Amino acid sequence: MRFSYIVPRKKTVLSSEVILLLTFFSITFLMLFFTYVFILFKDYQFTSTKKELAIKKEQLNKNIDSMKSKILFIEKQQALSERIYTKNIVLKDSIKNMFDLVPDRIVLSQVHLLENGLIFYGVTPTKDVYNFMLNAPLKSIFHRTYTSFYPTKGGWLNFVSKNYIDVDLIESANEEDVDDES
Amino acid sequence: MGVKLNIAKYFEFLYNKVFVNIVSTRTTSTVYMEMINSKGVVISSVDKHFKTLELDSKMKDFIEQYTQETPFYYISTIDSSPLQWATSEVKNVNKDKNSLVRCYENSWSYNIANNSMEEIIERYKDIGLDFLFSPFSLLAYFFKEKIDGDLAMYVLVTEDYLTLTIFENSKLLYSKQIETESNNKDYELHHLELDLSTDEDEEDGFADIEDIVDIDEETEESIDLDDFGDIEDLDALEDIEEFSDDKVEEKVKSDEKISDFDTDYRRFTLLQESINNYYQDSKYKSDFIETIYIADSVGVSGDLKKYFEEELFLDVYVRQLDLAYEICDMAKMELK
Amino acid sequence: MMKVSITRPYVYLLILSVVLFISVLIIAFALLIPKGKDYRLDKASLRGIKIEQNRVQVFNDKTYKNLKNLQSKNRAIITAFSTKFNAKRFEKQNSKFFEKFVLGEKQVVTNEYESFDVYEVNASSKIDSPKSFYNFLEAINKGDWIVSVEFPIIFKREAKLIHSSFKIKVYSNSKNKIINKELNSTK
């Protein structure tokens, strides 16, 4: 000090009350700030989780779709194979029935199995045997039956039996059945 | 907290500054307060006298009325005790552990006794103290443009004391703090004289009484020797003294715009004696003094001037001074 | 009652507390409360999303189980469809039914069924009795490939044996679709 023996006391705007007030409010502001930061953080967390889940969901859906199509395909395979199997068995049964149909006295030389028909080449002792034993059942099964004979050296008859099922008639018969039932 | 304080500076404009300046005599105090706004312009000032030396509740309330308005208030006072002096020694100033020393612009120092300082601080402990000034430094500051000139004597005249200094070219040659007697004869005079070798620091009142007796004799002698014509004055002096015996007045500054003839003479004699000491003592250079500057805070009569002119053939320049106002000025200077 | 003098520092203190208090209120109401509301809404919607996610996950697991089930039940069929037809092997496997069994070249006949390739192969064989043929027809259902016997089937008596010629159709997964490759893997 230039003149004074003593140095003046410290003078400040910040009295103890002011400092108390500022401390209190700065703590308050700090808490508000931390809350705000926390909320921002949670917001960020939320958006990233949302994105994550959206991606996962997308994946899952894709997965589900692919699995569904696989399942569909397997079902198709299953259906087809079922059909084929039954077809083969039905074929087996019908061939069996066919051969059972033929009596012992008639000897076949050729059988042509067709989609819609059956052709026999064979030998029969007499016409009657053929007509009774083979032709009659054939007639009952097939829509159209044609037989032609020509004799053999041994006194037996060679025959050619052509039998056809007409698909249209079957279809219309089915329709009749449906109408009858309804 | 360091950072906070720096920011706090920007809010100082919110408040005014208040300078509280207390000038005390043995029985009274004067409180002068100035309110300065943040630009440095004086807004208002107020001035009150109290019939007490110590800080009583009325004085405290008066001061606090203004200091409560701002944290930036500075309470200043001046030491009016006899236990202070000035020396031209600047080095080795910490020699005396019983006093506090300050340097004035590297050429001389002024001292106060620790006891006096503590007493003053204790006196104002309820409001606190920011600045404590010495009348020596006040005197030097008041006459600062004259001090670096030729050899001259500078005297501060107050109610209770005289402060005497002799400067030449800013160098302090001689200094003395003199207590003037009061009108009430019950008070003892404290007249303390200090040499550069400070061993003769006397606080013992009894020793002073002997001095006083001696001085009285000396004064009378010197008057007889020097000026015949003054004997008449002496009679008048005695008359006035007897007259004032009946009055036991406490000094109130407003009542005494012109001090007693009696008092002025007393002052003159005390000063003259000190000057003689200065001349006679071989320690001092003792060129003849031709000029005296008086800082008058009480309103001396023209007679004092006459005494110096006629008795000592000095050129006398009297400058009026308001002690409290000057203290305020110095306080403001401290803050620059 | 405590008396506080209305000094300038006191006024400033009051103003400061009012200002700070109001700013706290402003911040709380302008900033935090809307953000808080968003937060709560987000939380609720997240919960919804998680529930939805869970639902999808459950469905996924169910479908997976379903798939695995089908795959294990139909393993034979699946492999049969995916196996490339090898005529020689087919001959070998089924020759036990026949005295002689010969397969011709295969020809691709597609578009009969979507996503399946169908090959036609001519077969001729000699059997001693129709019983062998029946066994053959039963056996192909359990074979390495999906095979059906097609009309026309011709039986001709040749001395002690019956010469039979017929067509077989082999069904396998379509090679055109890349997807089938994935489908064939047991995922």
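For the structure itself, look to the data block above.
As the structure is a prediction and not an experimental result, all values here were calculated from the model.

*Asks:* Give me a nonpolar patch on the surface: which residues, what numbers.
*Replies:* Residues and elements named next belong to chain C. Residues V18, F21, I22, L25, I26, F29 and I33 make up a contiguous nonpolar surface patch of about 670 Å² in total accessible area. Among the secondary structure elements, L25 is positioned in helix α1 (residues 8–73). L25 gets classed as partly exposed once you look at its relative accessible area, which sits at 35%.

*Asks:* So, the interface of chain C and chain B: which residues are in play, and what are the values?
*Replies:* Many descriptions give the size of an interface as the accessible area lost when the pieces come together. At the junction of the two partners, chain C supplies 6 residues and chain B supplies 6 residues. Around 560 Å² of area is buried between chain C and chain B when both sides are counted, 47% of it from carbon and sulfur atoms. Of all residues in chain C, R8, P9 and Y12 of chain C give up the largest surface area on contact with chain B, accounting jointly for 75% of the area buried on that side. One can count 0 salt bridges joining chain C with chain B. Across the chain C-chain B interface, the total number found is 3 residue pairs in polar contact (both at pLDDT 80 or more).

*Asks:* Any details on the pattern of salt bridges? Residues and values, ideally.
*Replies:* Residue and element names in this part refer to chain C. If you walk through the whole model with that rule in mind, you get 19 salt bridges over all chains. We note a salt bridge from E52 to R55, for which the minimum N-O separation is 2.6 Å. One end of the pair, E52, and the other, R55, are both in helix α1, 3 residues apart, so they sit about a helical turn from each other. With relative accessibility at 27%, the residue E52 sits in the partly exposed group. According to the relative accessible area criterion, R55 is exposed, its value standing at 51%. In this structure, the salt-bridge partner of E120 is K167, at a minimum N-O distance of 3.5 Å.

*Asks:* An account of the packing of aromatic side chains is needed here, citing residue identities and associated values.
*Replies:* With the rule as written, the count across this model stands at 42 aromatic pairs over all chains. Ring centres 5.7 Å apart and planes at 45 degrees place the aromatic pair Y278 of chain B and Y279 of chain B in the tilted group. These aromatic residues form a ring-pair network of at least three members: Y5 of chain A together with W108, Y110, F142, F143, Y154, F167, Y293 and Y317 of chain B. Over the ring of Y73 of chain B we find K11 of chain A, and its NZ or CZ is 4.8 Å from the ring centre. Positioned over the ring face of F142 of chain B is R319 of chain B, at 5.2 Å from the centre of the ring.

Procedures and definitions
- All residue numbers refer to position in the chain's written sequence, counted from 1.
- Here every chain gets a letter starting at A, and every ligand a number starting at 1, in the order they are written.
- Residue-level local features of this predicted model are given only where pLDDT is at least 70; pairs of side-chain atoms are given and counted only at 80 or more, and the full residue set underlies all totals for whole chains, interfaces and linings.
- Side-chain metrics in this entry use all non-hydrogen atoms of the structure; hydrogen atoms and water are not considered.
- Residues enter a patch when their relative accessible area is above 30% and they make no salt bridge; the linking distance is 9 Å between like charges and 5 Å between nonpolar side chains (Val, Leu, Ile, Met, Phe, Trp, Tyr).
- All accessible-area figures derive from a Shrake-Rupley calculation using a 1.4 Å probe, and residue coverage is judged against the displayed protein chains alone.
- Whenever a carboxyl oxygen of Asp or Glu lies within 4 Å of a side-chain nitrogen of Lys or Arg, that contact is scored as a salt bridge.
- Helix numbering and strand numbering both begin at the N terminus, where a helix is a DSSP run of H or I of at least 4 residues and a strand a DSSP run of E of at least 2.
- Relative accessibility thresholds used throughout: buried, under 20% of the residue-type maximum; exposed, over 50%; partly exposed, between the two (1.4 Å probe, protein chains only).
- In this description, contact between two residues means that some pair of their heavy atoms is separated by no more than 4.5 Å.
- Accessible area that two parts lose when put together, evaluated with a 1.4 Å probe and summed over both, is termed the buried area.
- Pairs of N or O atoms within 3.5 Å make up the polar contacts considered here, provided that, within protein, one atom can donate a hydrogen while the other can accept it, and that residues adjacent in sequence are counted only when both atoms are side-chain atoms.
- Under the pairing criterion, centres of Phe, Tyr and Trp rings, with the six-membered ring standing for Trp, must be within 6.5 Å; the plane angle then separates stacked pairs below 30 degrees from edge-to-face pairs above 60, leaving the rest tilted.
- Note on geometry: a ring has a charge over it if NZ (lysine) or CZ (arginine) is within 6 Å of the ring centre and within 35 degrees of the ring normal.

What is shown is where atoms sit, not what they do.
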